[in-house]
Amino acid sequence: MKNLDSVFAAYLIGWGAYFVFYLTIAKRTANLRAELDRIKNSLPHAK
Amino acid sequence: MSKRIILAAVAFLLVVAAAYASFFIAPTERTMGLIQRIFYFHVSSAWAGFTAFFLCFLGNLMYVWKREQKYDWLGVSGAEVGLAFTTVVLITGPIWAHPVWGIWWTWDARLTSTFVLWLLYVSYLLLRTLVDEPDRRALLSSLFGIFAFIDVPLVFGAIRWWRTQHPQPVIMGGQGSGLEPTMKAVFFFSAFAMHVFMAFLIVERYSLEKMHTEADLLARELEAQ
Amino acid sequence: MSLFSNTAVLLNKELRTEFRSRELLTTTVVFILVVLILFSFAISPTSEESREFGPGLLWLAILFAASLMLQPCFLREQGNDTLSSLRLAVGDPFSIFLAKLIANTLFLLVTEILMLPLFAIFYNIPIFPELHYLLLVLFLGSLGISVAGTALSAISAQARMRELLLPLLLLPLLTPVLVVSATVSVSLLDRQPVVQWKGIAFLAVFDLVFLTALWLFGEYLLEE
């Protein structure tokens, strides 16, 4: 079972990277949605 | 909203299935042993990254032609997602190389070309941060994106030719040359799963960019009052 | 007016602007010289190694010099907004690019030819045996650098941090030129010279591809 740790390392680091990437997108989306709601509420009701 | 959740769920399931297949269904390779299993993840990521860059290229062409913002959203999404996948390729390559060759980097033709590809799209994203006006940013980055993408086959070709002058260790051996049928099936399934996952990431990034543009528009309306 | 005559007139303007002050040529020559000397300090090559590494270092120096030399290409049109006048004057914006890239190729070639004797002396590499092929490679490589560089300098001129941006955009794009030119040059300057026709053909293809791209997309690069 030699090199098993390398295989695990590869999959873990790889999927970790993808996960972090997805998290940054999700976080920015959530922040932006909050911001968007804030702006929509500040606009006059005609909008 | 629900379509995106379905895509997310499907992507997640496929990816888990692919990982399972890579570890438990694919047979162990004779010469390299266990370490070869990185191949399914490494090469699938490379293919998916490349498709993402191709989508960026399509977005770039369409933007220059039609000048509609949605094509720029596709461009930046393709570039960022492609870069994420390419980064993973560049990380898993050395992780494979180290136990096999004892060195982290081998100037292997494909890995080196992938590194240049990575640099090109980092430059694409950097260019975008240096242009403030949205339409100009879209146009300039689309034009650079087009030049970068047509450069890619030239990069891969040149480095491959150069490598035959200066032979180096090859990552994963002659890729695809000695793949057994089961291995081939697992690989293509992994590649498919990665592509679905890539599509999911692009959809998410695209929605973010679309929302960002809407927010900017609204913010400007707010300022106008 | 035809593409040819427009280009000829603009090329004349580019050349005369440069030869009035010659600042671009002199600074580029000195820059390459400095880089070549610094390389030898950094790696202190023996005579044998010089033959192997020298040509590659020469091409690297040319690339660095070009990425600086190409900065003013479109920047100097911004001062008095001469670019708009140029665009009005010519029907086809490609002639503007053609004139600039021919001028840039010439400037690079002149710089390289001036540098060659010094390069031969410092790195102990006889250049006369295959000089004609060497000049061919220098021409094809410099043309590739100019085509890509002229296009990208039109882009970077419209962004912030343009001095840093141009090399950042240009150098990764030009890796094929560097790799192939250096390799072909090394075989040409070897003790038993070999002409790598595949490499030379590759450089020609690179030049053609980017010339075509510039012809197709040039007008958008100059949009207001």
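Residues numbered from 1 in each chain as written. Chains lettered and ligands numbered in written order. Predicted model: local features only at pLDDT ≥ 70, side-chain atom pairs only at ≥ 80, totals over all residues.

Now for the overall build of chain C. Across its full length, chain C carries ten helices and zero strands. Sequence-ordered secondary structure for chain C, helices as α and strands as β, is α-α-α-α-α-α-α-α-α-α. Taken over the C-alpha trace, chain C has a radius of gyration of 18 Å; the compact-globule value for 224 residues is 17 Å, and the two agree within 12%. Seen through its principal axes, chain C has C-alpha atoms that stretch 55 × 30 × 30 Å. Residue burial in chain C is summarised as follows: out of 224 residues, 45% are buried. Considering only residue pairs separated by 6 or more positions, chain C has 82% of its internal contacts joining residues 24 or more positions apart. (Helix = DSSP H or I, 4+ residues; strand = E, 2+ residues; numbered from the N terminus. Rg over C-alpha atoms; globule rule 2.2 N^0.38 Å. Buried ≥ 20, exposed ≤ 12 C-beta atoms within 10 Å, placed from the backbone. Contact = placed C-beta atoms within 7 Å.)

This paragraph deals with the overall build of chain B. Looking only at helices and strands, chain B has six helices and zero strands in total. Tracing chain B from N to C terminus, the helices and strands come up as α-α-α-α-α-α. On the principal axes, the C-alpha backbone points of chain B span a range of 70 × 45 × 25 Å. Counting the 225 residues in chain B, one finds 44% classified as buried. If you take every contact in chain B between residues at least 6 apart in sequence, the share linking residues at least 24 apart comes to 80%.

With that settled, the discussion passes to the interface of chain A and chain B. Taken together, the contact between chain A and chain B spans 25 residues of the former and 29 residues of the latter. Partitioning the side of chain A that touches chain B into residue classes produces 16 nonpolar, five polar and four charged. (Nonpolar A, V, L, I, M, F, W, Y, C, P; charged D, E, K, R; others polar.)

At the junction of the two partners, chain B supplies 26 residues and chain C supplies 25 residues. Those elements that place two or more of their residues in the side of chain B that touches chain C are α4 (109-129) and α5 (134-165) of chain B. Per-element tally for the side of chain B that touches chain C: the top contributor is α5 of chain B, with 17 residues. Within the side of chain B that touches chain C, the residues separate by chemical class into 22 nonpolar, two polar and two charged.

Turning our attention to helix α2 (residues 23-43) of chain C. Residue and element names in this part refer to chain C. The end-to-end C-alpha distance of α2 is 30 Å, a good match for the 30 Å that 21 residues give at a rise of 1.5 Å each. Of the surrounding elements, those touching the buried residues of α2 are α1 (3-21), α3 (47-69), α4 (72-75) and α6 (94-122). Once α2 finishes, S44 follows within two positions and takes phi at roughly 35°, a positive value. (Expected span 1.5 Å × (residues − 1).)

Turning our eyes to something else, we now look at the confidence of the model for chain C. This prediction gives chain C a mean pLDDT of 90; 100% of its residues lie at or above 70. Overall fold confidence (pTM) sits at 0.92, and the ipTM for the predicted complex is 0.93. (pLDDT = per-residue confidence, 0-100.)

Taking 1.5 Å of rise per residue, 33 residues should cover 48 Å, and helix α3 (residues 69-101) of chain B covers 47 Å from first to last C-alpha, within 8% of that figure. Immediately beyond the C-terminal end of α3 of chain B, within one or two residues, lies G102 of chain B, with a positive phi of roughly 80°.

This brings us to the environment of W96 of chain B. All names here are of chain B. Mapped onto the fold, W96 is located in helix α3. Residue W96 is classed as buried on the basis of its C-beta count, with 24 C-beta atoms lying within 10 Å. Along the primary structure W96 and F39 are separated by 57 residues, whereas in three dimensions their C-alpha atoms are 8.5 Å apart.

Here we come to unusual backbone geometry. Residue and element names in this part refer to chain B. Despite not being glycine, W107 shows a phi value in the positive range, around 50°. Tracing the sequence through the fold places W107 in the loop between α3 and α4. Given 14 C-beta atoms within a 10 Å radius, W107 is considered partly exposed.

Two numbers describe how helix α1 (residues 4-42) of chain A lies on α3 of chain B: the axes approach to 10 Å, and their chain directions differ by 165°. Between α1 of chain A and α3 of chain B, the interaxial angle falls into the category roughly antiparallel. Helix-helix and strand crossings are classified by hand; for α1 of chain A and α3 of chain B the assignment is right-handed. Note on element contacts: α3 of chain B touches α1 of chain A through A84, T87, V88, I91, T92, I95, W96 and P99 of chain B, opposite S6, A9, A10, I13, G14, A17, Y18 and F21 of chain A. Of the residues in the contact of α1 of chain A with α3 of chain B, the class split is twelve nonpolar, four polar and no charged. (Axes fitted to C-alpha atoms, helices over the stretch in contact; angles between N-to-C directions. Parallel < 35°, antiparallel > 145°, perpendicular 65-115°, else oblique. Left-handed = near helix turned anticlockwise from the far one by under 90°.)

Our next topic: the nonpolar core. One finds A52, F144 and M198 of chain B together with A148, I155 and L169 of chain C to be the most contacted residues of the largest nonpolar core, which totals 139 residues. In terms of residue count, the dominant contributor to this core is α5 of chain B (14 residues). Look past the residues within four positions of A52 of chain B in its chain and what remains in contact with it is G78, V81, G82, F85, M198 and I202 of chain B. (Core = buried A, V, L, I, M, F, W, Y, C linked by C-beta atoms within 7 Å.)

Bringing the environment of N31 of chain A into the picture now. In this fold, N31 of chain A is placed in helix α1. On a C-alpha basis, the gap between N31 of chain A and W15 of chain A in space is 24 Å, while along the polypeptide they are 16 residues apart.

What follows concerns the packing of α3 of chain B against helix α6 (residues 181-223) of chain B. Residue and element names in this part refer to chain B. Contact geometry of α3 with α6 gives a least axis separation of 8 Å together with a crossing angle of 135°. Relative to α6, the element α3 is oriented oblique. In this structure, α3 meets α6 at a crossing whose hand is right-handed. Contact residues: α3 offers Q69, W73, L74, V76, S77, G78, E80, V81 and F85, while α6 offers M198, L201, I202, R205, Y206, E209, K210 and T213.

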